[in-house]
Amino acid sequence: MILEILVSSTPTDKTFFYKECSCKTDQAVVGQLVKVKFRNKSQVGLILKKHKHLELKFKLLKVSYLLEDIILTEEIINSMTFLSNYSCIPLSLIFKQFMTGYIENVGAFDENFKILNKPSAKLNIEQSRALKEIKNINLEGFKVINFHGVTGSGKTRVYMKIVQKKLETGMQCLILVPEIILTKDWVTEIRNDFGICPQIFHSSESKKKRAKIWKSVVSGETILIVGTRSALFLPFKNLGLIVVDEEQDQSYKQEDKIIFNTRDFAIVRAKNSSCQILLCSATPSLETNYNSLINRFHKVSLTKRINSIPLPEIKVVDMRDQKKIISDEIEKSIEENLKQNVQTIIYINKRGYTSFVICGNCGFVKYCKNCSATMVLHNFKKKSSAYFLCHQCSLKEKFSNYCENCNNNNFLRFSGTGVEKVEEEIKKKFPKIKTTILSSDFLKKTGNYEKILKEISTEKVDLIIGTQLISKGHNFPNIKTVGILNIDYLLNDFDFRSNEKAFQQIMQVSGRAGRKKIRGNVIIQTYQPQHPVIKFCKDYKIDEFYNWEINLRKKTNQPPFSNFISIITSSKSKQNASKEIEKIKFDLKKNFSQLVIYGPAPSLIEKKNNLYRFRLLLKLLKNYKSQAQVKKFLKSLLSTNKTRVFIDVDPINFL
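Quick notes on the rules
- In this convention, every chain numbers its residues from 1, walking through the sequence in written order.
- This being a predicted model, a pLDDT of at least 70 is required before a residue's local features are given, and a value of 80 or more before pairs of side-chain atoms are given or counted; all residues contribute to the totals for chains, interfaces and linings.
- Hydrogens and water molecules were not included; the side-chain quantities draw on all heavy atoms of the structure.
- The helix count covers DSSP runs of H or I at least four residues long, the strand count covers runs of E at least two residues long, and both are numbered beginning at the N terminus.
- Computation of the radius of gyration draws on C-alpha atoms, with the globule rule given as 2.2 Å multiplied by the number of residues to the power 0.38.
- A contact between two residues is defined here by any heavy atoms of the two lying within 4.5 Å.
- The method behind every accessible area is Shrake-Rupley, applied with a 1.4 Å probe, and residues are considered shielded solely by the protein chains displayed.
- Only four residue types enter the tally: Lys and Arg on the positive side, Asp and Glu on the negative side; His and the chain ends are excluded.
- Charge positions are represented by NZ for Lys, CZ for Arg, CG for Asp and CD for Glu.
- Only Phe, Tyr and Trp rings take part, Trp by its six-membered ring, and two of them pair if their centres are within 6.5 Å. Stacked means planes under 30 degrees apart, edge-to-face means over 60, and tilted covers everything else.
- Only protein chains enter the calculation, and the probe is 1.4 Å; a residue is then buried if its accessible area is under 20% of its type maximum, exposed if over 50%, and partly exposed in between.
- When DSSP finds two or more bridges between a pair of strands, those strands are recorded as paired.
- Axis definition: a line fit to C-alpha positions, over the contact stretch in the case of helices; interaxial angles, taken between N-to-C directions, run 0 to 180 degrees.
- Helix span, as expected, comes to 1.5 Å for every residue beyond the first.
- Pairs of N or O atoms within 3.5 Å make up the polar contacts considered here, provided that, within protein, one atom can donate a hydrogen while the other can accept it, and that residues adjacent in sequence are counted only when both atoms are side-chain atoms.
- Within this scheme, the nonpolar core is defined by two criteria: the residues are buried Ala, Val, Leu, Ile, Met, Phe, Trp, Tyr or Cys, and they are joined through side-chain atoms within 4.5 Å.
- What counts as a salt bridge is simple: a side-chain nitrogen of Lys or Arg found within 4 Å of a carboxyl oxygen of Asp or Glu.
- The labels follow the angle: roughly parallel below 35 degrees, roughly antiparallel above 145, roughly perpendicular from 65 to 115, and oblique for the rest.
- By definition, no residue in a patch forms a salt bridge, and every one has over 30% relative accessible area; like charges are joined within 9 Å, nonpolar side chains (Val, Leu, Ile, Met, Phe, Trp, Tyr) within 5 Å.
- Any two cysteine sulfur atoms lying within 2.5 Å of each other are counted as a disulfide.

J.: With reference to specific residues and values, describe the overall build of the protein chain.
T.: Of the regular secondary structure elements, the protein chain holds 17 helices and 29 strands. The C-alpha atoms of the protein chain give 27 Å as radius of gyration, which agrees with the globular expectation for 655 residues (26 Å, within 12%). Dimensions along the principal axes, computed over C-alpha positions, put the protein chain at roughly 80 × 65 × 50 Å. Contacts in the protein chain between residues at least 24 apart in sequence constitute 75% of all its contacts with a sequence separation of at least 6. Within the structure as shown, the protein chain displays about 30,100 Å² of accessible surface, and the carbon and sulfur contribution to it stands at 48%. Each charge class in the protein chain was averaged separately, 106 positive and 63 negative side chains, and the resulting centres sit 3 Å apart.

J.: Explain the packing of aromatic side chains to me, and be specific about the residues and the numbers.
T.: A full pass over the atoms with the stated rule returns 23 aromatic pairs. Ring centres 4.8 Å apart and planes at 55 degrees place the aromatic pair Phe380 and Phe414 in the tilted group. Of this pair, Phe380 sits in the loop between β18 (376–378) and β19 (387–389) while Phe414 sits in strand β21 (residues 412–415), and the two are 34 residues apart along the sequence. The partly exposed category is assigned to Phe414, whose relative accessible area is 24%. Consider the rings of Phe496 and Phe654, whose centres lie 6.1 Å apart with planes at 75 degrees: the pair is edge-to-face. Of the two residues, Phe496 is situated in the loop between α12 (488–491) and α13 (498–510) and Phe654 in the segment after β29 (643–649); the sequence distance between them amounts to 158 residues. Summarising the burial analysis for this pair, Phe496 and Phe654 share the class buried. By the ring-pair criterion, three or more aromatic residues cluster together here, those being Tyr353, Phe380, Phe388, Phe399 and Phe414.

J.: Any chance you could break down the sheet that holds β29 for me, citing the residues and the numbers?
T.: Across the sheet, which stays open at both edges, the four strands sit in the order β27-β28-β26-β29 with antiparallel pairing between neighbours. Each edge of the sheet is formed by a strand with only one pairing partner; in this case those strands are β27 (596–608) and β29. In this sheet, neighbouring strand axes are inclined to one another by 20 degrees on average, regardless of whether the strands run parallel or antiparallel. As paired elements, strand β26 (residues 562–571) and β29 share seven bridges and run antiparallel to each other.

J.: How would you summarise helix α7 (residues 262–273) if you had to cite specific residues and measurements?
T.: Since the α-helix turns once every 3.6 residues, residues separated by three or four places project in the same direction. Across its twelve residues, α7 extends 16 Å between first and last C-alpha, which sits within 8% of the 16 Å expected from 1.5 Å per residue. Residues of α7 that are buried: Thr262, Arg263, Phe265, Ala266, Ile267, Val268, Arg269 and Ala270. Regarding α7, its N-cap is Asn261, as a side-chain oxygen of that residue lies 2.9 Å from the backbone nitrogen of Arg263 further along. Positive phi appears at Ser274, one or two residues downstream of α7, with a value of about 55 degrees.

J.: Can you explain the environment of Asn291? Please cite residues and give values.
T.: With respect to the secondary-structure elements, Asn291 resides in helix α8 (residues 286–293). Looking at Asn291, the relative accessible area reads 11%, which means it is buried. As for Asn291 and Asn146, which are separated by 145 residues in sequence, their C-alpha atoms are 8.9 Å apart. The contacts of Asn291, once residues within four sequence positions are left out, are Arg296 and Phe297.

J.: Please provide a residue-by-residue account of the nonpolar core, values included.
T.: Ranked by internal contacts, the top residues of the largest apolar core, which has 71 residues, are Ile175 and Leu278. It is helix α4 (residues 155–168) that provides the largest number of residues to this core, a total of six residues. Excluding its chain neighbours within four sequence positions, the residues that come into contact with Ile175 are Tyr159, Met160, Trp186, Ile190, Leu224, Ile225, Val226, Gly227 and Val243. Among the nonpolar cores identified, the runner-up in size contains 49 residues, and Leu33, Leu72, Met99 and Val268 belong to it.

J.: Describe the side chain of Asn370, and please don't skip the residues or the numbers.
T.: By secondary structure assignment, the location of Asn370 is in the loop between β17 (356–359) and β18. Overall, Asn370 belongs to the buried group, its relative accessible area being 16%. Apart from the residues within four sequence positions on either side, Asn370 is in contact with Cys393, Leu395, Lys607, Lys608, Asn609 and Asn610.

J.: Could you give an account of the sheet that holds strand β1 (residues 2–7), with specific residues and numbers?
T.: Spatially, five strands are ordered β2-β1-β4-β3-β5 in an open sheet, and the strand pairing comes out antiparallel. Each edge of the sheet is formed by a strand with only one pairing partner; in this case those strands are β2 (16–19) and β5 (65–71). Averaged over all neighbouring strand pairs, the angle between strand axes comes to 45 degrees, with direction disregarded. Here four bridges tie strand β3 (residues 32–38) to β5, and the two strands are oriented antiparallel to one another. Bridging across to β5, Val34 finds its partner in Leu66.

J.: So what's going on with the pattern of salt bridges? Which residues, and what values?
T.: Taken as a whole and judged by the stated rule, the model has 27 salt bridges. Note that Lys324 is salt-bridged to Asp328, the shortest N-O span being 2.7 Å. Classification of Lys324 by relative accessible area gives partly exposed; the value is 34%. One salt-bridge network, held together by shared partners, links Lys324, Asp328, Glu331 and Lys429.

J.: So what about the packing of α8 against helix α15 (residues 542–555)? Which residues, and what values?
T.: A pair of packed helices is captured by two measures, namely the crossing angle of their axes and the spacing between those axes. The geometry of α8 relative to α15 is characterised by a closest axis approach of 11 Å and an angle of 95 degrees between their N-to-C directions. In this view, α8 runs roughly perpendicular relative to α15, as classed from their interaxial angle. Between α8 and α15, the contacting residues are Leu286, Glu287, Asn289, Tyr290 and Leu293 on the first element and Tyr546, Asn547, Glu549, Ile550 and Arg553 on the second.

J.: Let's hear about the pairing of strand β16 (residues 343–347): which residues, and what values?
T.: The element β16 is largely enclosed, with a buried count of five among its five residues. Here β16 shows a buried face lined by Gln343, Ile345 and Tyr347 and a second buried face lined by Thr344 and Ile346. Inspection of the sheet shows β16 paired to strand β24 (residues 479–484) by five bridges, in the parallel sense. The residue bridging Gln343 from the neighbouring strand is Ile479, located in β24. Pairing geometry for β16 and strand β23 (residues 463–466), over four bridges, is parallel. In the strand pairing of β23, Thr344 is matched with Leu463.

J.: Which residues make up a nonpolar patch on the surface, and what are the values?
T.: On the surface, a nonpolar cluster with roughly 290 Å² of combined accessible area is contributed by Phe494, Leu604 and Leu655. Topologically, Leu655 is positioned in the segment after β29.

J.: So what's going on with the state of the cysteines? Residues and values would help.
T.: Throughout the structure, instances matching the rule amount to zero disulfides. Cys275 takes part in no disulfide bond, and the closest cysteine sulfur, belonging to Cys173, lies 8.4 Å away. Cys368 supplies the cysteine sulfur nearest to Cys390, a cysteine that is in no disulfide, at a spacing of 3.6 Å.

In short, geometric facts, not functional conclusions.
Put into structure tokens, the structure is as follows:
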């Protein structure tokens, strides 16, 4: 018997042939893991096919031995193959992702699915109706459910009832969350409300713990996993349900190692597992909403908050009449909230103190040495420890108020506004106010996140200033007012998704207000008060926004009515990167004359981490018959020692 085996150590679709080992190979099955000698190293391989006889002109090595108890299911192999063909990723690299949690000779958890002696959280009338609606869709086969619910409506309680039933029947369940920092919140909520102890799986967990979870999953143990993108590559054997929480979140798009969309691959795994998948959000992606409109997905909605408190009132402030960072209206709300002992959130999606510095004498702008991006000033309130940071390559330099171009001191001007400058402005007006900043820069030290959340929940702070991180599923009970700053930059972005992203950000962060005792209020600062997105948000016209945006996309044949594929070349030599992208365009035009191609052009951030980057953008209409052939061609593009080639199917980031 000859075994056709995939190994993960080479980025290719190529498989390799091995002879039977001294053990009985008729016991070997497709999907089984084996140990083989590959390029003089011991490697783990995956059996993809078995052949009784092949005419080969070279001598075959023997399989070292079978890993008898580790077999990847047909679902996994089919899902790997689909992702490889759709996203133009070598099959071996996808197999490598499935093996990241594997360590030989590690046992499974002794006890995975455990119900504590606690009563399950009760559902209100609307939640019970939604649960019944989901169950009537048929829980036993593949179905995609767009589970839309306004912020604070209790979507988690509804889907956890389904998770509970699946676990009781011996199935495995997966809940995906967009950020590592959210996993502990989810686990605490699940344990408190349902008495179920899930396992957390993400890259920051210890290797040994991840290996134990991996072994439990591949062994078919009943288990509930709460995890980030990497959890989707666990080798589930008996998958009964997938939940993608905050399904619209851009964090689900992986853009390193392999480029793919977690939400879309989760749907593929659910389909191949014949199980249900719930896409949960208060602001679903436009693609999810469109698939619901054409009845490809089932839509179930929660329209009210758990505690029956109305959604916060949204007020729009025209900043053309004001010349300050914080409007009079937000300042007044902060003052009233301090008197009432309730909290305020200020949202601005800009890290640091200021996004760039410019010399007032010669006009020189401080740029990163490694990237074509400005250096961002951080920690300016502590002048002695202030620093410049590149948000592209993380280069860090000590701050000095000195222009390296004209050799003058104290001429630097601080343009743009980040979370730190907002805090500075607020403390000028309210010197005694207690503030905290919720931004990735402040959460890098172990324990910082838990400390900040505890300060917020115990009301030790009066005002929280946060970036996009603040909108991700947090439940702060004492927030009355949310102020939204600088949303205009997102509304006027070059990205065709800018309307959608702005709408989602406004709605998500607005949902932090008035969740428990009092009705909240939201104040949006804008220079475009008549912009349609602002108007839709102000009046909570959610369906109207999606219909408007879908019609705009349809007129211009933008996704979901077409597919984009981005091709990026990257090299230390600008000439090499440019030459390679020109060659790719020439070959595409030669082979696919009807293909719509934009570019090539330098990436918006042309130089990143000392590498020059050029980009092509392909537009494939839905009825384009050669999609599969185009992707097959793109898979054949190989990186060299001088120039790397990246394929991004359905890109979200255009930088």
